[in-house]
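Examining the three-dimensional arrangement
Each chain, letter by letter, is given below.
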Amino acid sequence: MRRVFCLPLGFLLVLLSGCAAINPYYDAGKSHHTPSGFRNRYADTVNKPFNDLLRWRWQAWRDDLPRPAGQPTPQQAANLALIAETPTSASPVAPPPRVTWIGHASVLIQAGRLNVLTDPIFSDRASPVQFLGPRRAQPPGLALNELPRIDVVLISHNHYDHLDTGSIQGLIALAAEKQQPQPLFIVPLGQKTLLAGLGATRVSELDWWDRLELEGTQFHFTPAQHWSARGFGDRSQTLWGGFAVFAPGFHWFYSGDTGYSKDFADIRQHFAGLNGPRGFDLALLPVGAYEPRWFMKEQHVNPAEAVQIHRDLGAQRSLGVHWGTFALTDEPLDQPPRDLANARAAAGLAEEEFFLMKIGETRQLPARPAS
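It should be emphasised that the depicted structure is a prediction, and the values quoted were computed from it without experimental measurement.

Calculation notes
- Residues numbered from 1 in each chain as written.
- Predicted model: local features only at pLDDT ≥ 70, side-chain atom pairs only at ≥ 80, totals over all residues.
- Heavy atoms only, no water.
- Pairing = 2+ DSSP bridges.
- Helix = DSSP H or I, 4+ residues; strand = E, 2+ residues; numbered from the N terminus.
- Axes fitted to C-alpha atoms, helices over the stretch in contact; angles between N-to-C directions.
- Salt bridge = Lys/Arg side-chain N within 4 Å of Asp/Glu carboxyl O.
- Buried < 20%, exposed > 50% of the residue type's maximum accessible area, 1.4 Å probe, protein only.
- Right-handed = clockwise from strand over helix to strand, strands pointing away.
- Contact = heavy atoms within 4.5 Å.

Bringing the sheet that holds strand β7 (residues 184–188) into the picture now. Here seven strands make up an open sheet; going across it, the order is β8-β7-β6-β5-β4-β3-β16 and the pairing mixed. The strands lining the two open edges of the sheet, one partner per strand, are β8 (203–206) and β16 (362–364). Taken over all neighbouring pairs, the strand axes of this sheet differ in orientation by 20 degrees on average, direction set aside. Pairing geometry for strand β3 (residues 98–103) and strand β4 (residues 106–111), over five bridges, is antiparallel. Note that in β4 the partner of Arg-98 across the bridge is Gln-110.

If you want it as structure tokens, here you go:
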């Protein structure tokens, strides 16, 4: 039976938004600032008209897309004992860097004696409501109550699959239950008020190229080609971006959602003094939610473009994220691994240079050689 033609609630809310507002952060000396919000460095704003949204959804309904996945997203039981090893600043020796894929763009990075979460979403749906909207294909690789102490949470932008209010509140409640300090939430300009309203007491807002340091680890907010909105009338009124993280013995990067642009070559050049010729030890790059290209190209890279970002950054390794969890666009949930394999082969990359993980898997990576 053909599915009923409907608009995804999240896309309907955000793509209809667009009323002008006053940008309280406006700095006329910064080209990505506008009096009413923010824009990209190389593509201005990603602003699809409503008739393009209707065209996309009509074509998806007509062609019965996305097709069901032929294979479920690989999963494995989390290694809770390994993940629980959480050294403090007083620990004499830090363990090797570890990365755990929780699902979608939610990744736990354990490096430099800090535990860092990217864009945590543990909710069942990526939506403003939990009775409608894209539903997870499988549970998170770690449940909230299985997390170790979380020191820092990185939020790349305010779309519902990246800034999930239920997960933010859950992390705050978990810290209180364990009598631990709240995580430090590092967010783009414009998001502090939302986080504070959820009960977060440690929130730092960053503009592109801003940085802060915590226990010897530097967090830099970097440009990306995307946009923001959570409802009607707030399109691009808060910032979006990625993070470059320089921990002792491990330099890593998370792009957030992005279309392909010269931003990544610029990021490599900007951090050449910190990275040197080695580049980042690990980059977390999106490889899903990319079809149809005529609608998604400016805002979401496909696997071939993700491989190009890997090369632009000069990363030692990249991990593909933002796939296999929520059916947000027209490709099946199991298509990104095939397209990434083809893109790797075309670029002459070995699998270990740009790899995928199972949901729940933890992988130890080599520490950065001492300079």
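Side chains carrying opposite charge are able to pair once their charged atoms draw close together. What the rule picks out here adds up to 15 salt bridges. Arg-149 serves as the salt-bridge partner of Asp-151, at 2.8 Å between the closest nitrogen and oxygen. Exposure remark for Asp-151: the relative accessible area of 13% places this residue in the buried category. Through salt bridges with shared partners, a single ionic network connects Arg-41, Lys-262, Asp-263 and Asp-266.

Before going further, it helps to spend a moment on the pairing of β7. With respect to burial, β7 is a largely interior element, five of its five residues being buried. Pairing between strand β6 (residues 152–154) and β7: three bridges, direction parallel. When the bridges of β7 are listed, Val-153 appears paired with Phe-185. Note that the unit made of β6, helix α4 (residues 165–177) and β7 has a crossover that is right-handed. For β7 and β8, the ladder comprises four bridges, and the chain directions are parallel. Looking across to β8, one finds that Val-187 is bridged to Glu-205. For the segment spanning β7, helix α5 (residues 192–197) and β8, crossover handedness is right-handed.

Ordered in space as β9-β10-β11-β12-β13-β14-β15, the seven strands form an open sheet in which the pairing is mixed. If you trace the sheet from one side to the other, it starts and ends with β9 (211–214) and β15 (354–355), each paired once. Those strands touched by helix α9 (residues 303–313) are β12 (250–254), β13 (282–286), β14 (318–321) and β15, and its axis lies near 155 degrees from that of β13.

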